[in-house]
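Chain by chain, the residues run as shown.
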Amino acid sequence: MVNIQQTFKAHPIGQGFFYTGQLKTKNSEFNFIFDCGSLSFSVLNDTIDRYRAIQSTTEIDLLIISHFDADHINGLKRLLEGKTVKKVVAPFIGLDQRISILLNFRGDFDQIRPSNIDPKIDDTFLSIIDFTEALKDELEGADFYFVEGSDNKPLDPNYAINIEKLTNDSGEFDFNFEGNESLNDDEKSKLGFKSISGNAFKIKCHQIGLLTSGAVNILDLIFYKKKLGEQENEFYNEVFNSFINENKKCFKDYNIPTSEELISTIKKYKGAKKIKDLFIKAAKKVEIDLFIKEITNLNTTALCMLHFDRLHHFCLNSKNFGSIRHIDGNYNLIQVYNKREINNPLIYGFYHYHRGFWDGYLINSNTLLTADSFLKEENEVLAFLNHYNFYLDKIAFFQIPHHGSRHSSDILLLSQINSSYIFINYGVNHRFIKKWSHPNNEVINNIITTGNASKLIPVHEYSGFKLSNEIHFM
Ligand SMILES: [Zn+2]
């Protein structure tokens, strides 16, 4: 008999995001991290230290970075210290866009209380501009996979993988995409990451990430990133060029600005107004008015990820069951953190499968993480739903985008999501920041209106959730 234990956690860290997954058999272990950052530093540090205490492995198999906002990456250095990462998945976001993200973050300083300013702010700046440099030792020799914007090529609903029967549990976990194409020199220079010592590939949204154990496909990681329009790309390019032009004398060679030069120049910017003016000027030049309204919401390209349990998939699909394997028993347990300790079981689900008969109550572990994606405009929502179309009725947990920002989700999205649970990650200690007020009342209203209120799990400084799941194969 083979047992696979799965654990997924949305950690309680406040305004930011920190999500981890672990799969374990008797002989093998696979750990992934999806973002690690927060503007509540003491809570973040405390949670990271707890994770490290439990998770003593020195190898992280997979690091996924949804995007380069500080509240998603500023914990990575502490989290990964002394560890090595084998594979990294990140969105294909060029240096010009990352400079806009950093300028935007710099502009936010007026709104954040000084006590909340990161004491290691230089590390955070560097992580935004070039995480490969900020995490150079930890990422040494890792393979990088950069996910490009979706070209709306649908996922194959019937894709099949040749699976031999699971004979023993000696198989090691392994993660790979279906087919890899290396980055060419142009793409490499557009990205501008300076410290990639391993392989670097580009990934399209319809290429599925496959986690296997031995010959068996255990988990699919299905990514999605919105494709930027030409105007949006021009806008980022324009911001970057005018920023460099305005500050030419700060660079030794302004054609190849170093990270240190970029950081020290941006640090000299005082106040949000100068940055806002730079954005407005660029928006006017490329004749785009979107950014003038939403000037502080620039991160339009975060990566979404669905982790999808292939074992359930095969069980649920009558075409496949029986011929693949028997699953003898399976339980899922969802626990919520209460005052930062996990001790409060919320739901307990059990099902038993025997020769094709189902019994009991099934909760799967399929979770769709949206990070800070913008899923507001009708075309954005429809493209996103279309991408995950085949999976939508099999999702247990859905993350409300962008900490419940009103700029990032809409009633159309919420009415189409019929997951068992939804969650919002936000900071209760940051509600005072008027500009964000995450989660927004309008979004909460939409959640109530669409009948999702009772499904809501809050994830903040004092609350998170853990989903554990054990599968036995005969
Ligand atoms: Zn965020």
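Residues numbered from 1 in each chain as written. Predicted model: local features only at pLDDT ≥ 70, side-chain atom pairs only at ≥ 80, totals over all residues.

## Topic: the sheet that holds strand 11 (residues 216–225)
Step number 1: The eight strands lie next to each other as 7-10-11-12-16-17-18-19, forming an open sheet whose pairing is mixed. The two strands at the open ends of the sheet, each matched to only one other strand, are strand 7 (173–177) and strand 19 (456–459). On average, each strand axis in the sheet is inclined to that of its neighbour by 20 degrees, with strand direction left out of account.
Step number 2: Here strand 17 (residues 397–399) runs beside strand 18 (residues 421–425); their pairing, made up of three bridges, is parallel. Following the sheet pairing, Phe397 is matched in strand 18 by Tyr421. (Pairing = 2+ DSSP bridges. Helix = DSSP H or I, 4+ residues; strand = E, 2+ residues; numbered from the N terminus. Axes fitted to C-alpha atoms, helices over the stretch in contact; angles between N-to-C directions.)

## Points about unusual backbone geometry
Step number 1: Although it is not a glycine, Asp35 sits at a positive phi angle of roughly 65 degrees.
Step number 2: Along the chain, Asp35 turns up in strand 3 (residues 29–38).
Step number 3: The phi dihedral of His402 falls on the positive side, at around 50 degrees, and the residue is not glycine.
Step number 4: Mapped onto the elements, His402 comes out in the loop between strand 17 and helix 14 (411–416).

## Description of the pairing of strand 5 (residues 84–91)
Step number 1: Along strand 5, six of the eight residues are buried, which leaves the element largely enclosed by surrounding structure.
Step number 2: With five bridges connecting them, strand 4 (residues 59–64) and strand 5 associate as parallel partners. Looking across to strand 5, one finds that Glu59 is bridged to Thr84. (Buried ≥ 20, exposed ≤ 12 C-beta atoms within 10 Å, placed from the backbone.)

## Examining the confidence of the model for the chain
Step number 1: Per-residue pLDDT for the chain has a mean of 81; in total, 77% of the residues score no lower than 70.
Step number 2: Across residues 313–332, where pLDDT falls below 50, the model places 32 contacts with residues more than four positions away in sequence or in other chains.
Step number 3: With pLDDT under 50 throughout, residues 342–362 is counted as low confidence; its partners more than four residues away or in other chains account for 36 contacts. (pLDDT = per-residue confidence, 0-100. Contact = placed C-beta atoms within 7 Å.)

## What about the nonpolar core?
Step number 1: One finds Ile64, Val88, Leu102, Phe146, Phe223, Met305 and Phe423 to be the most contacted residues of the largest nonpolar core, which totals 111 residues.
Step number 2: Of all the elements, strand 11 adds the most residues to this core, at seven residues. (Core = buried A, V, L, I, M, F, W, Y, C linked by C-beta atoms within 7 Å.)

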